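Descriptive analysis of the structure
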Amino acid sequence: MTTLFISDLHLDQSRPIVTAAFERFMEIMAPNCDALYILGDFFEVWIGDDDDCPFNARIVKLLQQFTNSGGLLYFMVGNRDFLIGDDFASRSGATLLEDPTVIDLNGTPTLLMHGDSLCTDDTDYMSFRLQARSPLWQEQLLSQPLAARREIARQLREQSQSMNSLKADDIMDVNHSEVARVMSEANVSRLIHGHTHRPEVHRLEGEKERMVLGDWHDNLWWIQASANGDLTLNKRSINDDLSNLNATR
Ligand code: MN
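Residues numbered from 1 in each chain as written. Predicted model: local features only at pLDDT ≥ 70, side-chain atom pairs only at ≥ 80, totals over all residues. Heavy atoms only, no water.

**Comments concerning the coordination of the manganese ion**
The condition that has to hold: In this description, a donor is an N, O or S atom within 2.8 Å of the metal centre, a cutoff extended to 3.2 Å for sodium, potassium and calcium. Water is not part of the atom list, which can make sites seem incomplete. Where helices and strands are cited, they refer to DSSP runs of H or I of at least four residues and of E of at least two residues respectively, numbered from the N terminus. Only protein chains enter the accessibility calculation, which uses a 1.4 Å probe. A residue is then buried if its area is under 20% of the maximum for its type, exposed if over 50%, and partly exposed in between.
The protein atoms that coordinate the manganese ion are Asp41 (OD), Asn79 (OD1), His114 (NE2) and His195 (ND1), at distances of 2.0 to 2.2 Å. For the manganese ion, the single-chain donor residues occur in sequence as D-x37-N-x34-H-x80-H. Here aspartate 41 is found in the loop between strand S2 (35-39) and helix H2 (54-68), whereas its partner asparagine 79 is found in the loop between strand S3 (72-76) and helix H3 (86-92), with 38 residues between them in sequence. No difference in accessibility class separates aspartate 41 from asparagine 79, as the two residues are buried.

Here it is in structure tokens:
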């Protein structure tokens, strides 16, 4: 049983190279992949499941192909695509996961998160997150026409870019005591997350492990769990033709 984890593709019409890389990735990896976990910020922006633009339809179709041929697809939202809902899930055949979720990965309880909730030092973001995750706020946003939502999304993105450029690097990373707290609360020795765009395998005290996925800007990053229990963080250049890839069982 091969399980793959990806996050932070930030799929967007403006960067067709990433979409092409994901298409190729699915073409090559999907046939030997039993389960695919997408851990947030799969889309650069998502303004509601009712946005029927051709780009979204194309991505949903890719996911559909995977689930129609028996692949299990699990989807956790990130801070960009938090408006993804049940319609998207049923169309793509995905099961939506809460953040955080503990799964049994070949016998090892593994905590999955997007990762934004771990960046507790970024207090501005944490208060935005609280608001953005409130059902009432989401309902109000989703009741606006698509064009208005598109404009709100654009403004939010601009705001977050200008704010982030003023923040110290360590504020944009996870808070280590928060990591320790969530891992102990979930009673796990392994955590997989994305969001920070700092791909790494961190060995923590007490034989614990924090695996961080990377974004798909210059490289493709994925974690592969093989049936023998091996877990690897993998990277390929986005310009690679990927023909040497294969998901081994
Ligand atoms: Mn994120």
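**A closer look at the environment of alanine 94**
So the rule is basically this: In this description, contact between two residues means that some pair of their heavy atoms is separated by no more than 4.5 Å.
As for its position among the elements, alanine 94 is in strand S4 (residues 94-96). Owing to a relative accessible area of 10%, alanine 94 belongs among the buried residues under this scheme. Separated by 56 residues in the primary sequence, alanine 94 and isoleucine 38 have C-alpha atoms spaced 9.7 Å apart. The residues touching alanine 94, leaving out its near neighbours within four places in the chain, are Leu73, Phe75 and Ala89.

**Let's talk about the packing of aromatic side chains**
Let me state the cut-off plainly: Centre distance within 6.5 Å is the pairing criterion for rings of Phe, Tyr and Trp, where only the six-membered ring of Trp is used; planes under 30 degrees apart are then read as stacked, over 60 as edge-to-face, and the remainder as tilted.
As enumerated under the stated definition, the model contains 15 aromatic pairs in all. Ring plane angle 65 degrees and centroid distance 5.1 Å describe the contact between phenylalanine 75 and phenylalanine 88, whose orientation is recorded as edge-to-face. Pair noted here: phenylalanine 75 is in strand S3 and phenylalanine 88 is in helix H3, with a separation of 13 residues, a long-range link. Residue phenylalanine 75 shares its accessibility class with phenylalanine 88, and that shared class is buried. The interplanar angle of 40 degrees and the centroid separation of 6.1 Å between the aromatic rings of phenylalanine 82 and tryptophan 137 together place this pair among those described as tilted.

**Structural notes on unusual backbone geometry**
Cis peptide bonds are those with omega within 30 degrees of zero, and the linkage from aspartate 99 to proline 100 qualifies with 5 degrees. Checked against the element boundaries, proline 100 lands in the loop between S4 and strand S5 (101-105). Even without being a glycine, aspartate 8 presents a positive backbone phi close to 55 degrees. On the basis of relative accessibility, which here comes to 0%, the residue aspartate 8 falls in the buried class. Phi angles above zero are rare outside glycine, and asparagine 106 is one such case at about 45 degrees.

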